[in-house]
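# Results of the structural survey
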Amino acid sequence: LDTKKILYFIADDEFFCGHLFDLARAAQKEGADVGIITRVSRQGDRIQKAGFTLIPLQTLHRSKINFLNELRIFKQLLSVFSKEKPTVVHN
């Protein structure tokens, strides 16, 4: 049986910890390999200590829309998805 790979793509690490941490932990307890793609502000250590793979997106800004920045994010995501080959992506 192959291990399921779940990637959570979340704009902010604090939102992940406040709203999706328990869901990701439950998936992890069921045997899934869980990764978190996010802008890291204050919760990076907590995410890593929980055993999740932390994939920081340094260019992610929630309040600004900029075509070049969006293109960089898209390229980063393509690279991450190509490398990680997730079974499921939770946006």
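Here is a short report on the structure shown in this document. (Residues numbered from 1 in each chain as written. Predicted model: local features only at pLDDT ≥ 70, side-chain atom pairs only at ≥ 80, totals over all residues. Heavy atoms only, no water.)

Tyr8, Phe16, Val34, Ile36, Ile47 and Phe52 are the most contacted members of the largest nonpolar core, which has 16 residues in total. No other element matches the six residues that helix H1 (residues 13-29) contributes to this core. Phe52 has contacts with Phe16, Phe21, Ala24, Arg25, Gln28, Val34, Ile36 and Ile47, leaving out every residue within four places of it along the chain. Grouped together as the second largest cluster of nonpolar side chains are seven residues, Leu7, Ile55, Leu57 and Ile73 included. (Core = buried A, V, L, I, M, F, W, Y, C linked by side-chain atoms within 4.5 Å. Buried < 20%, exposed > 50% of the residue type's maximum accessible area, 1.4 Å probe, protein only. Helix = DSSP H or I, 4+ residues; strand = E, 2+ residues; numbered from the N terminus. Contact = heavy atoms within 4.5 Å.)

Here the focus is helix H3 (residues 67-84). With 18 residues, H3 extends 25 Å between its outermost C-alpha atoms, agreeing within 8% with the 26 Å of an ideal straight helix rising 1.5 Å per residue. Within H3 the residues assigned to the buried category are Asn69, Ile73, Leu77, Val80 and Glu84. Projected down its long axis, H3 shows its buried positions confined to an angular sector of 75°, all on one face. Of the exposed residues in H3, those oriented more than 90 degrees away from the buried face are Phe67, Leu68 and Lys75. Contacts made by the buried residues of H3 are with strand S1 (5-12), strand S2 (33-39) and strand S3 (53-56). After H3 finishes, the residue Lys85 shows a positive phi value of roughly 50°. (Expected span 1.5 Å × (residues − 1). Arc of directions from axis to C-beta.)

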